[in-house]
Amino acid sequence: MADALKTDAKNGIHGDVEDIARRQEVFGSNTYPRPPAKSFFYFVLEAFKDLTILILLACATLSLGFGIKEHGLKEGWYDGGSIFVAVFLVISVSAVSNFRQNRQFEKLSKVSNNIKVEVVRDGHRQQISIFEIVVGDVVCLKIGDQVAADGLFLDGHSLQVDESSMTGESDHVEVNCHQNPFLFSGTKVADGYGQMLVTSVGMDTTWGEMMSTISRDLNEETPLQARLNKLTSSIGKVGLAVAFLVLVVLVVRYFTGNTEDENGNQEFNGGKTKANDIVNAMVRIIAAAVTIVVVAIPEGLPLAVTLTLAYSMKRMMADQAMVRKLSACETMGSATTICTDKTGTLTLNQMKVTKYWLGKEPVEDSSSIDTHVLKLIQQGVALNTTGSIYRATSGSEIEFSGSPTEKAILSWAVLEFDMDMEAIKQNYSILHVEAFNSEKKRSGVLMRKKADNKIHVHWKGAAEMILAMCSSYYDASGSIKCLDDGERMTFEQIIEGMAASSLRCIAFAHKQIPEEEQEISEGRQKLKEDSLTLIGLVGIKDPCRPGVRKAVEDCQYAGVNVRMITGDNVFTARAIATECGILRPDQDMNGEAVVEGEVFRNYTPEERMEKVDKIRVMARSSPFDKLLMVQCLKQKGHVVAVTGDGTNDAPALKEADVGLSMGIQGTEVAKESSDIIILDDNFASVATVLKWGRCVYNNIQKFIQFQLTVNVAALVINFVAAVSAGEVPLTAVQLLWVNLIMDTLGALALATEKPTKELMEKPPVGRTEALISNIMWRNLLAQALYQIAILLTLQFKGESIFGVSEEVNDTLIFNTFVLCQVFNEFNARKLEKKNVFKGLHKNKLFLGIIGITIILQVVMVEFLKKFANTERLNWGQWGVCIGIAAASWPIGWVVKSIPVSEKPFLSYLKW
């Protein structure tokens with residue numbers, strides 16, 4: 001191969017510019033085509049696809065046409081123009097916010113993908129970017145490296161590769177010249193070192209093919225967006241119906257001669273009326289109807305959601321969670337169950353030997369061990385390992401490398417028994433090694449002692465496997481005892497006891513081979529697997545992360561079930577789940593809370609659906625079991641969040657409502673498939689994400705309540721006035737001002753409330769619960785009724801009460817209406833609590849926005865006479881407006897004392 005690729009197996013390729021350019025041209029470069037970055041224009045178009053926006057645009061066009069026809073170009077464009085401005089504002093805010101987010105993510109992913117790789121070019125070792133690797137390169141691999149491309153093994157020692165990112169199996173695969181010389185891109189070197197010859201790069205690698213299937217983007221709506229769209233369209237329908245009614249009523253009034261012009265003459269006199277007058281009258285009537293549609297449609301809603309999500313995304317970044325998909329924030333708030341990994345998420349992935357049994361006794365002090373046994377342990381650890389020990393100078397720290405389990409055993413032997421690995425290695429020559437694999441769960445080594453040529457065999461591995469190979473054991477004094485059935489039972493109980501206290505149990509065994517069998521052993525290269533002597537058992541603990549138990553309790557307290565899915569055996573899984581608080585000690589009595597992956601897989605679909613809710617822990621599970629579990633839970637109506645770090649978790653992460661991947665341990669594929677990346681790999685951050693998710697949902701509810709109060713009040717007032725008096729008190733410009741500024745600014749004010757403790761005291765909001773709860777209807781209708789009563793009184797009696805002209809009265813109505821919303825914004829801060837001012841001083845943005853709204857309103861009333869159809873008001877009139885508006889505070893306080901039923905209000909009148 002090397003010759004065919006014009007590579008020197010020792011010195012690599014020449015590496016000059018032409019050579020590399022030629023290779024890239026022939027074989028391609030080591031990059032994957034990313035989906036092209038979405039342009040700003042794409043986000044603008046996305047925003048235009050919103051139905052609300054389309055209806056508003058239609059209204060604006062109508063309004064503009066009719067306005068110019070009736071009032072001429074100079075003044076006729078106000079109404080239509082202002083609707084266009086409003087639409088433009090909504091679209092630009094949502095497009096800019098989505099675009100900035102997309103950019104931020106692109107940047108992050110570029111940085112995380114650019115890995116440095118060591119290659120040999122022209123005999124010189126150098127580091128280059130992973131993207132610069134070409135076919136023919138000789139790449140140096142050491143522990144922890146990611147294999148940068150597909151290739152063949154050239155040389156090296158005990159090179160073991162973790163192919164879990166390709167196969168989902170966590171066991172390491174040995175790569176050598178004889179049986180398995182193939183290395184795959186995207187896998188990780190777990191052990192040993194070596195050099196490989198690159199044979200394919202980029203999209204020609206197995207990994208590249210896999211990446212290309214994942215980069216598809218699913219444009220799913222989140223539960224909340226779907227509901228909001230439904231809500232918006234429902235409100236839109238009501239608005240259209242009301243507008244149509246008004247249109248019919250006004251047209252009928254006009255043609256039956258019930259309307260008068262400015263001079264008090266009847267407008268329609270059968271055939272005498274000019275066609276032009278009729279058209280102008282119709283235009284006015286249609287304009288009034290259009291205004292009502294504009295009021296009815298809450299165009300602030302989509303904007304509010306975008307703003308809320310963008311804000312919380314920024315804050316979550318500070319809380320160690322990077323949101324890749326905006327919608328995941330709020331979906332997380334309604335999550336009802338979290339399926340989590342064990343290793344690295346609930347635990348630290350830092351293994352440590354905490355127990356050592358010699359014979360049937362636990363050993364507390366290493367000085368009590370017989371020297372012969374001590375030597376055997378040291379040999380068993382030092383020679384039968386794939387890990388290594390490195391010490392730069394005699395005084396410096398010792399560095400252990402290898403898999404977490406190997407490192408734990410090595411550090412235990414060095415620190416406890418003062419083992420000198422190098423010295424032991426020099427005294428023995430290794431004849432044959434049987435590497436660890438997942439079926440056998442053990443590794444063995446055959447060696448000869450140089451001093452006396454005696455041959456020994458050492459085994460280590462999963463305790464129950466090794467125990468089965470032994471026929472005797474050493475006790476603490478160093479004497480060999482026979483292992484009969486009774487003793488074997490005792491050892492099995494010891495092993496189960498260790499597993500039950502969440503330890504991973506590993507046993508060591510040894511056998512000296514008699515001289516007559518030596519020749520056979522050397523010739524056959526097969527290790528002896530029976531009548532061994534057990535040297536001892538060690539228990540390795542992977543400690544729980546600090547704070548995990550509290551985080552799990554927080555989630556459970558908030559009504560969210562936490563389920564653990566792990567590859568460990570049932571005992572260890574149960575113990576860790578109990579330690580983290582996922583299982584209560586008394587919970588798994590009937591064996592339904594803990595199942596094995598295989599058992600779960602073999603249930604019939606009906607059994608699975610019946611039992612899935614009871615399962616808390618799934619042990620010995622495969623990635624497929626995880627996916628199956630997620631699908632079952634989703635069918636049961638749960639909103640499921642899944643955490644995962646391996647590439648094998650990708651299908652489950654994709655399938656879940658929220659996929660959470662791990663920033664430190666996680667593979668690229670897992671991150672690609674997830675919605676949120678937990679940067680510190682800690683389960684506690686998952687609980688934080690949950691809290692933020694609920695906060696988003698709560699903020700959006702507050703905003704809907706605030707927004708609907710505006711809409712209901714404005715609709716009713718305009719409807720009643722149009723039907724009874726034949727005119728609309730609030731003009732299109734004024735209504736849009738109320739709608740847009742109150743909405744955009746109101747959204748900002750209410751969307752930026754921080755999460756509170758109370759959020760985690762309520763059960764999760766599932767998929768089916770009403771978005772507008774009864775509590776919201778209670779608050780909303782009370783305020784809306786108050787506003788309608790006041791404004792209609794002003795509409796019909798205002799001129800006589802205050803002794804003002806019609807124009808001033810209309811301005812009073814407009815001003816009171818806006819100020820009512822300003823006061824009501826305070827009420828909206830808390831849906832249930834009576835004290836709406838709690839924590840107000842912390843929310844500077846809220847106070848700032850209230851200030852800005854008031855200033856803009858003053859400008860609108862006092863200075864924009866032509867544009868907004870207003871008249872200037874004197875101090876007394878301003879005082880009256882503020883007084884009327886301020887009454888909404890005590891009303892809000894009183895209303896919150898009224899109890900409401902649980903059953904959703906709208907289920908009484910299904911629309």
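Structural notes, computed from the coordinates. Here the structure is a predicted model, which means the values were calculated and not measured. Along each chain, the written sequence defines residue order, and numbers are assigned to residues from 1. In keeping with the model being predicted, local features are shown solely for residues with a pLDDT of at least 70 and side-chain atom pairs are shown and tallied solely at 80 or more, while totals for entire chains, interfaces and linings include all residues. Excluded from the side-chain calculation are hydrogens and water; included are all heavy atoms of the structure.

What about the overall build of the protein?
Of regular secondary structure, the protein possesses 31 helices and 26 strands. Partly exposed describes any residue whose relative accessible area lies between the buried limit of under 20% and the exposed limit of over 50%, with all areas from a 1.4 Å probe on protein chains only and scaled to the type maximum. In the protein, buried positions account for 52% of the 911 residues. By the convention used here, residues are in contact when the closest approach between their heavy atoms is within 4.5 Å. In the protein, 72% of the contacts between residues at least 6 apart in sequence involve partners at least 24 apart. Only the protein chains shown count as covering a residue, and every accessible area follows the Shrake-Rupley method with a 1.4 Å probe. Within the structure as shown, the protein displays about 41000 Å² of accessible surface, and the carbon and sulfur contribution to it stands at 57%. In DSSP terms, a helix is any run of H or I states spanning at least four residues, a strand is any run of E spanning at least two, and both are numbered starting from the N terminus.

Concerning the nonpolar core
Core analysis: the biggest nonpolar cluster contains 81 residues, and Met 332, Ile 676, Phe 683 and Ile 704 have the highest contact counts within it. Broken down by element, this core gets its largest block of residues, 14 residues, from helix H24 (residues 683–725). Setting aside its immediate chain neighbours within four residues, Ile 704 contacts Leu 228, Leu 231, Leu 301, Leu 771, Ile 772 and Met 776. Core analysis: the second largest hydrophobic core is formed by 34 residues, Ala 243, Met 282, Val 290 and Ile 292 among them. We call a set of buried residues a nonpolar core when its members are Ala, Val, Leu, Ile, Met, Phe, Trp, Tyr or Cys and they connect through side-chain atoms within 4.5 Å of each other.

A few points about the environment of Phe 99
Within the secondary structure layout, Phe 99 lies in helix H4 (residues 78–113). Residue classification places Phe 99 among the buried residues on the basis of a relative accessible area of 19%. Considered as a pair, Phe 99 and Tyr 42 are 57 residues apart in the sequence and their alpha carbons are 8.9 Å apart. The contacts of Phe 99, once residues within four sequence positions are left out, are Lys 38, Ser 39, Phe 40 and Phe 43.

Observations concerning the pattern of salt bridges
When a carboxyl oxygen of Asp or Glu is within 4 Å of a side-chain nitrogen of Lys or Arg, the pair counts as a salt bridge. Within this structure, the stated rule accounts for 20 salt bridges. One connected set of salt bridges, linked through shared partners, spans Asp 19, Arg 22 and Arg 23.

Side note on the environment of Gly 461
In this structure, Gly 461 sits in strand S16 (residues 455–462). We classify Gly 461 as buried; its relative accessible area is 6%. When residues no more than four places from it in sequence are discounted, the contact partners of Gly 461 are Lys 441, Arg 442, Ile 466, Cys 505, Ile 506 and Ala 507.

Concerning a nonpolar patch on the surface
Together, Ile 854, Ile 855, Val 858, Val 859, Phe 863 and Leu 864 make up a nonpolar patch on the protein surface, roughly 490 Å² of accessible area in all. With respect to the secondary-structure elements, Phe 863 resides in the loop between helix H28 (844–862) and helix H29 (865–868). Candidates for patches are residues over 30% relative accessible area with no salt bridge; among them, like charges are joined within 9 Å and nonpolar side chains (Val, Leu, Ile, Met, Phe, Trp, Tyr) within 5 Å.

What about the packing of aromatic side chains?
In this scheme Phe, Tyr and Trp rings, the latter by its six-membered ring, pair at centre separations within 6.5 Å, and the angle between planes marks the pair as stacked below 30 degrees, edge-to-face above 60, and tilted otherwise. Taken as a whole and assessed by the stated rule, the structure comprises twelve aromatic pairs. Measuring from centroid to centroid gives 5.3 Å for Tyr 42 and Phe 43, while their planes differ by 85°, and the two rings are edge-to-face. Accessibility expressed as a relative area gives 9% for Phe 43, which makes it buried. Between Tyr 356 and Phe 417, the ring centres sit 6.1 Å apart and the planes meet at 70°, which makes this aromatic pair edge-to-face. Highlighted residues: Tyr 356 in strand S10 (residues 352–358) and Phe 417 in helix H12 (residues 404–417), separated in sequence by 61 residues. The exposure class assigned to Tyr 356 is buried, which follows from its relative accessible area of 6%. Judged by relative accessible area, which is 6%, Phe 417 ranks as buried. Put simply, a charge is over a ring when the Lys NZ or the Arg CZ is close to the ring centre, within 6 Å, and near the line of the ring normal, within 35 degrees. When the ring centre of Phe 600 is taken as reference, the NZ or CZ atom of Arg 608 above it lies at 5.9 Å. A cation over an aromatic ring shows up here: Lys 834 above the ring of Trp 893, its NZ or CZ 4.7 Å from the ring centre.

Some details on the sheet that holds strand S8 (residues 321–323)
Here eight strands make up an open sheet; going across it, the order is S8-S26-S25-S24-S9-S21-S23-S22 and the pairing mixed. The open sheet has two free edges, formed respectively by S8 and strand S22 (594–596), since each of these has just one partner strand. For this sheet the average axis-to-axis angle between neighbouring strands, irrespective of direction, equals 20°. Following DSSP output, two strands are said to pair if at least two bridges run between them. Pairing of strand S9 (residues 337–340) with strand S24 (residues 640–644) involves three bridges; the strand directions are parallel. Residue pairing across strands places Cys 339 opposite Val 642, the latter belonging to S24. Its contacts with the sheet put helix H18 (residues 570–580) on strand S21 (561–565), S22 and strand S23 (617–619), and the angle it makes with S23 is roughly 150°. Axis definition: a line fit to C-alpha positions, over the contact stretch in the case of helices; interaxial angles, taken between N-to-C directions, run 0 to 180 degrees.

Brief notes about the side chain of Gln 701
With respect to the element layout, Gln 701 can be found in helix H24. The class of Gln 701 is buried, set by a relative accessible area of 11%. Not counting the four nearest positions on each side in its chain, Gln 701 is found in contact with Leu 771, Met 776 and Leu 831.

Examining the pairing of strand S25 (residues 658–662)
When you tally the buried positions in S25, you get five out of five residues, the bulk of the element. Residues Val 658, Leu 660 and Met 662 point to one face of S25 and Gly 659 and Ser 661 to the other, with burial holding for every one of them. Pairing of S24 with S25, which is carried by four bridges, proceeds in the parallel orientation. Bridge pairing links Ala 641 to Val 658 in S25. Looking at chain direction, S25 and strand S26 (residues 676–678) are connected through three bridges and run parallel. Counted as the bridge partner of Met 662 is Ile 678 from S26.

A few points about the side chain of Asn 30
Considering the arrangement of structural elements, one finds Asn 30 in the loop between helix H1 (17–27) and helix H2 (40–48). You can call Asn 30 buried: its relative accessible area is 3%. Among the polar contacts made by the side chain of Asn 30, one reaches the main-chain carbonyl oxygen of Ala 148 at a distance of 3.1 Å. In protein, a polar contact means a hydrogen-donor-capable atom and an acceptor-capable atom, both N or O and within 3.5 Å, with residues adjacent in sequence counting only if both atoms are side-chain atoms; elsewhere, any N or O pair within 3.5 Å suffices. In terms of polar contacts, Asn 30 uses its side chain to reach the backbone amide nitrogen of Gly 202, at 2.9 Å. What Asn 30 contacts, discounting residues up to four positions off in sequence, is Ile 130, Phe 131, Ile 133, Ala 148, Ala 149, Val 201 and Gly 202.

Some points on helix H26 (residues 774–802)
Here the bend at a residue is taken as the angle between two axes, fitted respectively to the seven residues that end there and the seven that start there. Along H26, the helix axis deviates most sharply at Phe 796, where the bend reaches about 65°. Of the residues flanking the end of H26, it is Gly 803, one or two places downstream, whose phi is positive at about 65°.

Details of unusual backbone geometry
In this model, Lys 6 sits at a positive phi of 55°, which is unusual for a non-glycine residue. Of note, Lys 6 is situated in the segment before H1. Residue classification places Lys 6 among the exposed positions, given a relative accessible area of 65%. Even without a glycine there, the phi angle at Asp 681 is positive, about 60°. Take Asp 681: it is sitting in the loop between S26 and H24.

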